[in-house]
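Now for the letters of each chain:
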Amino acid sequence: MKAKAAVLWGQGQDWSIEDLQVDPPKAGEVLVEWKVAGMCHSDDHMKTGDMVPPREAWEFMGIEDFYPIIGGHEGAGIVLEVGDGVTTLKPGDHVSASFVPSCGRCRYCLTGKQALCNNTANTFIGGMITDGTDRHFVNGKPITLMAKLGTFGSHSCVSELSLIKVDDDLPMECVALVSCGVATGWGSAVRRAETQPGDTVVVVGIGGIGINAVQGAKMAGAKRIIAVDPVEFKREKALELGATHAYASMDEAMGPLQELTWGEMADRVIMTPGVLHGEMMASAMNLAGKGSTVVVTAISPMMSNEASINLFNLAMWNKEVKGTIFGSLNPRYDIPALLSMYREGTLKLDELITNRYPLEQINQGYADMMAGKNIRGVICYD
Ligand SMILES: NC(=O)c1ccc[n+]([C@@H]2O[C@H](COP(=O)([O-])OP(=O)(O)OC[C@H]3O[C@@H](n4cnc5c(N)ncnc54)[C@H](O)[C@@H]3O)[C@@H](O)[C@H]2O)c1
Ligand SMILES: [Zn+2]
Ligand SMILES: [Zn+2]
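Residues numbered from 1 in each chain as written. Chains lettered and ligands numbered in written order. Predicted model: local features only at pLDDT ≥ 70, side-chain atom pairs only at ≥ 80, totals over all residues. Heavy atoms only, no water.

Notes on the overall build of the protein
- A count of helices and strands for the protein gives twelve helices and 19 strands.
- For the protein, whose C-alpha radius of gyration is 20 Å, the value lies close to the compact-globule estimate of 21 Å for 382 residues.
- The dimensions of the protein, computed from C-alpha atoms along their principal axes, are 65 × 50 × 40 Å.
- Counting only residues that meet the buried cut, the protein has 58% of its 382 residues in that class.
- Within the protein, contacts between residues separated by at least 24 positions form 73% of all contacts whose residues are at least 6 apart in sequence.
- Positive and negative side-chain charges in the protein, numbering 32 and 45 respectively, have mean positions lying 5 Å apart. (Helix = DSSP H or I, 4+ residues; strand = E, 2+ residues; numbered from the N terminus. Rg over C-alpha atoms; globule rule 2.2 N^0.38 Å. Buried < 20%, exposed > 50% of the residue type's maximum accessible area, 1.4 Å probe, protein only. Contact = heavy atoms within 4.5 Å. Lys, Arg positive; Asp, Glu negative; His and termini not counted. Charge placed at Lys NZ, Arg CZ, Asp CG, Glu CD.)

Concerning the sheet that holds strand β2 (residues 16–22)
- Pairing is mixed across the open sheet formed by six strands, whose spatial order is β8-β7-β2-β1-β4-β9. Each end of this open sheet is capped by a strand with a single partner; those strands are β8 (141–142) and β9 (144–145).
- Examined bridge by bridge, strand β1 (residues 2–8) and strand β4 (residues 69–70) share two bridges and lie antiparallel to one another. Counterpart to Leu8 in the pairing with β4 is Ile69. (Pairing = 2+ DSSP bridges.)

Regarding the site of ligand 1
- The immediate surroundings of ligand 1 are formed by 30 residues, with His41, His45, Asp229, Gly274 and Arg376 found nearest.
- Within the backbone of Ile206, one N or O atom sits 3.4 Å away from an oxygen atom of ligand 1.
- Pro273 is positioned with one of its backbone polar atoms (N or O) 3.4 Å from an oxygen atom of ligand 1.
- Coverage of ligand 1 by the protein amounts to 87% of the 870 Å² it exposes when considered alone.
- Here the shell around ligand 1 takes three residues from helix α1 (residues 41–48), the largest share from any one element.
- Residues of the shell around ligand 1, tallied by class, amount to 16 nonpolar, eleven polar and three charged. (Near = heavy atom within 4 Å. Polar contact = N/O pair within 3.5 Å; in protein donor to acceptor, adjacent residues only side chain to side chain. Areas by Shrake-Rupley, 256 points an atom, 1.4 Å probe, with all protein chains shown as cover. Nonpolar A, V, L, I, M, F, W, Y, C, P; charged D, E, K, R; others polar.)

Structural notes on the nonpolar core
- Counting residues in hydrophobic clusters, the biggest one holds 85 residues, and the most contacted among them are Phe152, Leu338, Leu339 and Leu349.
- Counting residues per element, this core draws most heavily on helix α4 (residues 172–178), at six residues.
- Ignoring sequence-local partners within four residues, the contact set of Leu338 consists of Val178, Val182, Ala183, Trp186, Leu329 and Leu347.
- Counting residues in each nonpolar core, the second largest holds 22 residues, with Val269, Met280, Val294 and Ala298 among its members. (Core = buried A, V, L, I, M, F, W, Y, C linked by side-chain atoms within 4.5 Å.)

Thoughts on the coordination of the zinc ion (ligand 2)
- With distances of 2.0 to 2.3 Å, the protein atoms coordinating the zinc ion (ligand 2) are Cys40 (SG), His73 (NE2) and Cys180 (SG).
- In primary-sequence terms, the residues that donate to the zinc ion (ligand 2) follow C-x32-H-x106-C. A residue pair is termed long-range when its members are at least 10 positions apart, and Cys40 in the loop between β3 (29–38) and α1 and Cys180 in the loop between α4 and α5 (181–192) qualify at 140 residues. Comparing Cys40 with Cys180, the two get one shared label, buried. (Donors = N, O, S within 2.8 Å, 3.2 Å for Na, K, Ca; no water.)

Side note on the packing of α5 against helix α6 (residues 210–219)
- Axis separation between α5 and α6 bottoms out at 7 Å; the angle between their running directions is 45°. As judged from the angle between their axes, α5 and α6 are oblique. For the pair α5 and α6, the crossing hand works out as right-handed. Counted together, Gly181, Val182, Gly185, Trp186, Ala189 and Val190 of α5 and Asn212, Ala213, Gln215, Gly216, Ala217 and Met219 of α6 form the full contact between these two elements. (Axes fitted to C-alpha atoms, helices over the stretch in contact; angles between N-to-C directions. Parallel < 35°, antiparallel > 145°, perpendicular 65-115°, else oblique. Left-handed = near helix turned anticlockwise from the far one by under 90°.)

Things to note about helix α7 (residues 232–240)
- For α7, the set of buried residues is Lys234, Arg235, Lys237 and Ala238. When α7 is viewed along its axis, its buried side chains cluster within an angular range of 160° and face the same direction. Opposite the packed face of α7, turned more than 90 degrees from it, sit the exposed residues Glu232 and Glu240.
- Packing partners of the buried residues in α7 comprise α6, β13 (224–228) and β14 (245–247).
- Remark: Gly242 follows α7 within two positions and exhibits a positive phi of approximately 130°. (Arc of directions from axis to C-beta.)

Here's the deal with the side chain of Glu18
- Here Glu18 is to be found in strand β2.
- This buried residue, Glu18, is left without a salt bridge; Lys141 holds the nearest opposite charge, at 11 Å.
- Polar side-chain contacts of Glu18 include one of 2.9 Å to the side chain of Trp9.
- Of note is the side chain of Glu18, whose polar atom sits 2.5 Å from the side chain of Ser16.
- Aside from chain neighbours lying at most four places away, what touches Glu18 is Ala3, Lys4, Ala5, Val7, Trp9 and Val138. (Salt bridge = Lys/Arg side-chain N within 4 Å of Asp/Glu carboxyl O.)

So, the coordination of the zinc ion (ligand 3)
- Distances from the zinc ion (ligand 3) to its protein donors, Cys103 (SG), Cys106 (SG), Cys109 (SG) and Cys117 (SG), fall within 2.3 to 2.4 Å.
- Around the zinc ion (ligand 3), the four donor atoms are arranged such that angles at the metal cover 104 to 115°; this shape is classified as tetrahedral.
- In terms of primary sequence, the donors binding the zinc ion (ligand 3) are separated according to C-x2-C-x2-C-x7-C. Like Cys106, the residue Cys109 is buried in the burial classification. (Tetrahedral: all angles 85-135°; square planar, octahedral: opposite > 155°, others 65-115°.)

Some points on the packing of aromatic side chains
- Counted according to the given criterion, the structure contains six aromatic pairs.
- Each member of the aromatic cluster is reached from another via a ring pair, and the members are Trp15, Phe152 and Tyr366. (Phe/Tyr/Trp six-rings, centres within 6.5 Å; stacked < 30°, edge-to-face > 60°.)

Set out below in structure tokens:
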């Protein structure tokens, strides 16, 4: 079928709207019409090059070029057609995209760690999860899809493993938000940081991810939630959604945190800035108290290997530093669970959308994100 999509042709270039040919679904695949796509910072990392494997690795990965690529991994859509053997979905079903597939069979899925499903391998190269062949073409040439989803296209053909069925009375915008930003932020605070009632939690970077770490920390019973972001509007939004204090930088938060906690500092520090640079970890570690947990959620430039962490202090203060993908959640359980919290009013989703854009204005949407204007911007297809 004919569709349209926002494509990156190379590093540093703008998104370009192209005509897209999508082939019908084969075994285990599903054709989806996307209704809403969230504009996560991770897609922008492919433009800047922060999340692009180095050129020297391409041959080993079996690719000639990383580009062109259709962006978008946060999204909500409707199933149009299913291939042979698809059992969890049928035409007309509403779905949430999951940038981590979940097969239910690998050792990670089987042990409650679906965010680590082995089917995430090859996420940076083209071809379907099912059989490695291509279903998407621009000017007759195969094209890669971000996270094998490509929600910046009006339609795509994706593996059943990457889709989660949701109730069809839920607003599509909310279904899109929980598919990455909400899940990743909430999970970072609740599951990965294991926030406990009475904790003091610092969240650094209040975008689509960080704001949901604030919501998660609040739900887990934190007594103080300190939001850090240089943009005033972000700090205001954090205070609105559960933060108790807000500061413009980690340095600015240091003194007040010392006073508030009588020198004990934070129990959890969650790092969700747009780009995480190694030197920022020194301040993160200084905000963290004895027995604390520092969670790294934000993406760093892929080839950066340095972080400033005082190892003596790490050992003697019994601290831990943890990474997380998808907030260490299980998409097949947690996406519907988050949506049920929205239904009951405990998780705020409508409040997270600052601006809506047609696909054609995607570059404006990302400019607004970089200018700090959006908690989350979303692309709406109708
Ligand atoms: N681990 C995962 O599975 C996962 C999933 C999704 C996104 N991410 C990553 O999470 C990060 C956040 O994504 P987002 O969509 O919320 O981005 P965003 O651009 O919407 O928000 C980032 C926020 O960080 C703030 N910021 C920048 N530098 C800062 C600093 N030094 N101190 C404090 N705040 C600072 C910005 O003002 C902005 O408000 C990105 O790196 C993204 O790629 C990771
Ligand atoms: Zn994302
Ligand atoms: Zn699996």
